[in-house]
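Given next are the chains, with one letter for each unit.
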Amino acid sequence: MVRINPDKPNGGITTKPEDLGAVLAAQRAAFNKNPNPDWAARKAKLEKLRELILGHEAEFVKAISDDFGHRAIEDTLISEFLVIQGGISHALKHTPKWMKTRKAPTAMQYKPAKNIIIPQPLGVIGIISPWNYPLQLAIMPLIGAIGAGNRAMIKPSEYTPRMSQLLQEVLAKGFSDEEVFVATGGVEVASAFSGLPFDHLVFTGSTSVGRIVGEAAGRNLVPVTLELGGKSPVIIDESADMKTAVARITNGKLLNAGQTCVAPDYVLMPEAKINSFAEAMIEQAETFYPTVAGNDDYTTIIADAHYARLQDLLEDAENKGAKIRTACDDDKQQLAKERRVPLTVVTETTPDMKIMQEEIFGPLLPVVASDSLDEAMETVQSGERPLALYWFGEDKKKRDKVLKESISGGVSVNETAWHVVQEDIPFGGVGPSGMGAYHGEAGFQSFSHMKGVFIQSKWSQGKNLFPPYTDKTRKMIGLMKKIL
Ligand code: NAD
């Protein structure tokens, strides 16, 4: 059994891929001895999780910032800690109701039998998480898994090694390896992890790796929740309050320097307003962040490769004729040294530009002319189904059309990103942006088996359908055909 040794330098280990199977076997054996923990046991674990995570806030803030190069403290508090705290509070309040056996109706022809639904823990949940919100995206699925009575194994991203190590150490203080296990290491560990026969696997990451993980899970018939990415559009209607839209889009785009799965990826809006919108976005960005270089409020790009990728997107757009507006007049060399990218609004784009084809995942914002709702919807619907869609406007008819007819994982109206942290609605993608959902009750149900149970009564009409089949049987079939 792999155990974390608190006396080792840094307290941790890099998990060996070949050891993962033993951890899963130990978790499953422990689960089988206690396959349906009561509310008191689940509550104690959720409270312990809260105490462990919130009790190490400063260390997590530092580890994440060091992993990024620099991560604004407030970005971490808002997008990791507040979200986790909200998730645990919600689970503590509502899980007792969600885990109750519930009555279900019984159709007339089967009465007086009864139907019930028993939510039952699945066993061991595997969680693979990305680097962009490294703590939140490991812990939010864990909250759902624990609330639903499961055990869990987590594999955080190799891009955030300090945070992963800390998570391993912190969770080991309160949970045994048979309860919650954190595996650290690179792609070889992630790959072995995704090949384990979990009872459910939650993967958060890119669509390309999601395909590999989906295939690996499929070989073991492991059900998956895939939380993926994509290009999330913003549609700005003529009826929108522009000042509000500009402030909220800038905020949603620049949180974590745009390295957010649901960050507004590109904007569709009436052509006549594009220039004033682009100028206003730059002005707003400069109000939020008067400088980008050296600004502690502004998060860096996680790695050189991602920085180079963003520069390449911009260069490609510029070479193909796009107009580029950049916030703040910081020294370019200094920005490169710090791996910081200011808000860059890209107009006069064409579909052949890479920036219009790939998920941007950084503070670059293309703006595309779209003079009618039908045109905007056509652009959105002709691409891959996005993880999020944002609509800004006051025209309720148009809003309802967008909500009814567009297909995306989720939507925020007159806002960006905030639908993600609503524990009362499911969060998930659709098509290439993901499958399945979690958060709140949706997470509880994803990590439970909602077992349907039929309880026959002493007296049952079923005997009228027993063989040998006679005229009486056929009369009964005829009668049933009439009442159904
Ligand atoms: P990624 O797909 O590169 O990595 C995610 C995780 O997969 C990491 O833990 C990594 O170790 C693991 N991994 C890598 N190769 C693997 C393999 N062959 N087999 C199994 N696991 C493997 O994603 P990333 O760069 O860390 O994150 C950015 C992406 O994640 C973006 O596309 C973003 O939109 C998406 N994302 C989605 C959500 C969501 O909730 N839908 C949230 C955050 C990020």
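Note that the structure is predicted; figures quoted are calculated from it, not measured.

S.K.: Whenever I open this one, helix α9 (residues 242-254) confuses me. Can you help?
M.R.: Think of an α-helix as 3.6 residues a turn; residues three or four steps apart then line up on the same face. Across its 13 residues, α9 extends 18 Å between first and last C-alpha, which sits within 8% of the 18 Å expected from 1.5 Å per residue. Every buried residue of α9 is accounted for by Ala 245, Val 246, Ile 249, Thr 250, Gly 252, Lys 253 and Leu 254.

S.K.: Whenever I open this one, the packing of helix α13 (residues 373-382) against helix α14 (residues 396-405) confuses me. Can you help?
M.R.: Any two packed helices are characterised by how steeply their axes cross, that is the angle between the axes, and by the distance between the axes. Where α13 meets α14, the axes come as close as 11 Å, and the angle between the chain directions of the two elements is 20 degrees. The angle between α13 and α14 falls in the class roughly parallel. Note on packing geometry: the crossing formed by α13 with α14 is right-handed. Note on element contacts: α14 touches α13 through Lys 398, Lys 401, Val 402 and Glu 405, opposite Leu 373, Asp 374, Met 377 and Gln 381. Per-class residue counts for the contact of α13 with α14 are three nonpolar, one polar and four charged.

S.K.: Quick question: what am I supposed to make of the sheet that holds strand β4 (residues 151-155) here?
M.R.: The strands that make up a sheet are held in pairs by hydrogen bonds between backbone atoms, and each pair lies either parallel or antiparallel. Across the sheet, which stays open at both edges, the six strands sit in the order β5-β4-β3-β6-β7-β15 with mixed pairing between neighbours. Looking at which strands have only one partner, the edges of the open sheet turn out to be β5 (180-182) and β15 (434-435). Across two bridges, strand β7 (residues 224-227) lies against β15 in antiparallel orientation. By the bridge assignment, Glu 227 is partnered in β15 with Gly 434. Contacts from helix α1 (residues 20-33) reach β3 (124-128), β4 and β5, with the element oriented near 160 degrees to β4. Its contacts with the sheet place helix α5 (residues 136-147) against β3, β4, β5 and β6 (200-204), and it is angled at close to 165 degrees to β3.

S.K.: It is not clear to me how the nonpolar core should be interpreted in this structure. Could you clarify?
M.R.: Soluble globular proteins: nonpolar side chains tend toward being buried together. Core analysis: the largest hydrophobic core is formed by 109 residues, its most contacted members being Leu 49, Ile 53, Leu 135, Leu 142, Leu 167, Leu 171 and Phe 277. Ranked by the residues each element gives to this core, the list is headed by α5, at eight residues. Split by domain, the residues of this core number at least three in each of domain 1 (9-228 + 437-449) and domain 2 (233-424). When neighbours within four sequence positions are excluded, Leu 49 is seen to be in contact with Ile 88, Ile 139, Leu 142, Ile 143, Ile 146, Leu 171 and Phe 175. Counting residues in hydrophobic clusters, the runner-up holds 20 residues, among them Leu 20, Ile 128, Leu 196 and Leu 201.

S.K.: Is there a simple way to think about unusual backbone geometry in this case?
M.R.: Excluding glycine, residues mostly have negative phi values, and the peptide bonds linking residues are mostly trans. In the segment running from Lys 111 into Pro 112, the intervening peptide bond is cis, with an omega of 5 degrees. Structurally, the position occupied by Pro 112 is in the loop between β1 (102-104) and β2 (114-121). For the peptide bond that leads from Pro 467 to Pro 468, omega is -5 degrees, which places it in the cis range. Within the secondary structure layout, Pro 468 lies in the loop between β16 (448-455) and α16 (471-483). With a phi angle near 55 degrees, Arg 339 is a residue other than glycine that sits in the positive phi range. The exposure class assigned to Arg 339 is buried, which follows from its relative accessible area of 17%. Phi angles above zero are rare outside glycine, and His 439 is one such case at about 85 degrees. When its relative accessible area of 3% is taken as the criterion, His 439 is described as buried.

Rules and cut-offs
- Residues numbered from 1 in each chain as written.
- Predicted model: local features only at pLDDT ≥ 70, side-chain atom pairs only at ≥ 80, totals over all residues.
- Heavy atoms only, no water.
- Helix = DSSP H or I, 4+ residues; strand = E, 2+ residues; numbered from the N terminus.
- Expected span 1.5 Å × (residues − 1).
- Buried < 20%, exposed > 50% of the residue type's maximum accessible area, 1.4 Å probe, protein only.
- Axes fitted to C-alpha atoms, helices over the stretch in contact; angles between N-to-C directions.
- Parallel < 35°, antiparallel > 145°, perpendicular 65-115°, else oblique.
- Left-handed = near helix turned anticlockwise from the far one by under 90°.
- Contact = heavy atoms within 4.5 Å.
- Nonpolar A, V, L, I, M, F, W, Y, C, P; charged D, E, K, R; others polar.
- Pairing = 2+ DSSP bridges.
- Core = buried A, V, L, I, M, F, W, Y, C linked by side-chain atoms within 4.5 Å.
- Domains from an automatic or database assignment.

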